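Residue strings, one per chain:
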Amino acid sequence: MSLEGKVAVVTGGSRGIGRAICLRLAAIGAKVAVNYVSKPDAAQETIDLIKLEGGEGSVYRFDVADSAEVQDAFKKITDDYGRIDILVNNAGITRDGLLMKMKDENWDQVLNTNLKGAFNCIKAVSRVMMKQRSGRIVNISSIIGFVGNAGQANYAAAKAGLTGLTRSVAKELASRGITVNGVAPGYIVTDMTSGLSEEVTSIIKSEIPMGTLGEVEDVAGAVAYLVSDDARYLTGQFLHVNGGMFMG
Ligand code: NAD
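Residues numbered from 1 in each chain as written. Predicted model: local features only at pLDDT ≥ 70, side-chain atom pairs only at ≥ 80, totals over all residues. Heavy atoms only, no water.

Draft legend 1. Region of the structure containing the overall build of the chain. In terms of regular secondary structure, the chain is built from 9 helices and 7 strands. Here the chain has a C-alpha radius of gyration of 17 Å; the compact-globule value for 248 residues is 18 Å, and the two agree. Referenced to the eigenvectors of the C-alpha coordinate spread, the extents of the chain come out at roughly 50 × 40 × 35 Å. Across the 248 residues that make up the chain, the buried fraction comes to 49%. (Helix = DSSP H or I, 4+ residues; strand = E, 2+ residues; numbered from the N terminus. Rg over C-alpha atoms; globule rule 2.2 N^0.38 Å. Buried < 20%, exposed > 50% of the residue type's maximum accessible area, 1.4 Å probe, protein only.)

Following this line, the structure appears as structure tokens:
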């Protein structure tokens, strides 16, 4: 599996799953545009790690929820690298709370980042990929988008929305040689899950047939497959990386 000569954009690449995806794609030859929104040092650390392994990449600051910023950033990336072959929509946030108490702003922030953010980036990259008549788009969803979760109506709605977005755009872009797929992680060890109490973590583990949380590299491996030539005939699909917790 080689991505030599390819250019990849990964949103939210400064830490967690996004950073692991950046490192994996760079390790197999892609030049990586690492997006961040608020932590330049963390994003630069991702680049330093890429370079340490002999890879190539640069950082780009933009808020995925802001369509004007996204348009400008994708134009700059295209100018800098001459092309974009891979887009991974990884940026995501949680603002948990029971529906009865959920503030409008918490609904809006999660939908704007997790769903509209992916729409903004796909829209910005699709023109470039259509001209190239090739491309790979991967949307990072979640098991919660498929099974729902009390206290996460906003997050589940946004991630379920990604399913419709992925499948619709897959149909729109298939004839141009562009595939659009998703990866739906279960519970993965990152900052997002580190806030869970020991009690909640042990309940979650008891519901995972493999008995353990996943690692960021498990998600990165699935993304690497979907953007490779091996996956050229696969579009509109989701890979469920969850230790058997949900079998989609
Ligand atoms: P994380 O909180 O560690 O990282 C999220 C990244 O997104 C950060 O780099 C953050 O800066 C970035 N981001 C947030 N808002 C942004 C914005 N508006 N513009 C640009 N970047 C923004 O989380 P993570 O666990 O690494 O999650 C990565 C993705 O995987 C998310 O989409 C998340 O929903 C999904 N996911 C995570 C898990 C898990 O167990 N950790 C499970 C299922 C799905």
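Draft legend 2. Region of interest: the sheet that holds strand β4 (residues 86-89). The parallel open sheet is built from 7 strands, whose spatial order is β3-β2-β1-β4-β5-β6-β7. Strands at the two margins of the open sheet, each flanked by one partner only, are β3 (56-61) and β7 (238-241). Strand-to-strand twist of the sheet, defined as the mean angle between neighbouring strand axes without regard to direction, takes the value 15°. The pairing of strand β1 (residues 7-10) with strand β2 (residues 31-36) spans 4 bridges and is classified as parallel. Among the inter-strand pairings, A8 is bridged to a residue of β2, identified as V32. Contacts between helix α3 (residues 67-81) and the sheet are confined to β1, β2, β3 and β4, with β3 contributing the most and set at about 155° to the helix. Those strands touched by helix α6 (residues 153-173) are β5 (135-140), β6 (178-185) and β7, and its axis lies near 160° from that of β6. (Pairing = 2+ DSSP bridges. Axes fitted to C-alpha atoms, helices over the stretch in contact; angles between N-to-C directions. Contact = heavy atoms within 4.5 Å.)

Draft legend 3. Local environment of helix α1 (residues 16-27). Given a rise of 1.5 Å per residue, 12 residues ought to cover 16 Å, and the 17 Å separating the end C-alpha atoms of α1 matches this to within 8%. Residues I17, G18, R19, A20, I21, C22, L25 and A26 constitute the buried set of α1. Taken from the residues just after α1, G29 is the one with a positive phi, measuring 110°. (Expected span 1.5 Å × (residues − 1).)

Draft legend 4. Structural view of the environment of S58. Relative to the elements of secondary structure, S58 occurs in strand β3. Linking S58 and I47, residues 11 residues apart in sequence, is a C-alpha distance of 6.4 Å. Apart from the residues within four sequence positions on either side, S58 is in contact with V32, A33, V34, I47 and Y81. At a separation of 2.5 Å, a polar atom in the side chain of S58 contacts the side chain of Y81. (Polar contact = N/O pair within 3.5 Å; in protein donor to acceptor, adjacent residues only side chain to side chain.)

Draft legend 5. The nonpolar core, seen in detail. Counting 32 residues, the largest nonpolar core has I21, L25, V32, V88, V183 and V223 as its most contacted members. Where this core is concerned, the elements lending two or more residues are β1, α1, β2, α2 (40-52), β4, β5 and α9 (216-226). A total of 7 residues in this core trace back to one element, the largest contributor, which is α9. Those residues in contact with I21 that sit more than four places away from it in its chain are V10, V88, N90, I140, A220 and V223. (Core = buried A, V, L, I, M, F, W, Y, C linked by side-chain atoms within 4.5 Å.)

Draft legend 6. Representation of the packing of helix α4 (residues 104-132) against α6 within the structure. Here α4 crosses α6 at 15°, and the two axes come no closer than 8 Å. Put simply, α4 runs roughly parallel to α6. In the crossing of α4 with α6, the sense of the turn from one axis to the other is right-handed. Where α4 approaches α6, its residues N106, W107, V110, L111, N114, L115, A118, F119, I122, S126 and M130 are matched on the opposing element by A153, N154, Y155, A157, A158, K159, G161, L162, L165, V169 and L173. Here the residues of the contact of α4 with α6 are counted per class, giving 16 nonpolar, 5 polar and 1 charged. (Parallel < 35°, antiparallel > 145°, perpendicular 65-115°, else oblique. Left-handed = near helix turned anticlockwise from the far one by under 90°. Nonpolar A, V, L, I, M, F, W, Y, C, P; charged D, E, K, R; others polar.)

Draft legend 7. Representation of the pairing of β3. In this structure, β2 lies alongside β3, joined through 6 bridges in parallel fashion. Bridge assignment links V32 to a residue of β3, and that residue is G57. Handedness of the crossover joining β2 and β3 through α2: right-handed. (Right-handed = clockwise from strand over helix to strand, strands pointing away.)

Draft legend 8. The arrangement of the site of the ligand in detail. If you check the shell around the ligand, you find 28 residues, and the closest are R15, D63, N90, Y155 and T190. Contacts to the ligand include I17, whose backbone N or O atom sits 2.9 Å from an oxygen atom. Burial of the ligand by the protein amounts to 94% of the accessible area it has alone, namely 830 Å². Secondary-structure elements contributing two or more residues to the shell around the ligand are α1, α6 and α7 (191-194). (Near = heavy atom within 4 Å. Areas by Shrake-Rupley, 256 points an atom, 1.4 Å probe, with all protein chains shown as cover.)

Draft legend 9. Representation of the packing of aromatic side chains. For the structure on display, the rule yields 3 aromatic pairs. Geometrically, the ring pair formed by F146 and F238 is edge-to-face, given 5.4 Å between the ring centres and 70° between the ring planes. Here F146 is found in helix α5 (residues 144-147), whereas its partner F238 is found in strand β7, with 92 residues between them in sequence. Within the aromatic cluster, the residues linked to one another by ring pairs are F146, F238 and F246. (Phe/Tyr/Trp six-rings, centres within 6.5 Å; stacked < 30°, edge-to-face > 60°.)

Purely geometric numbers; function is a separate question.
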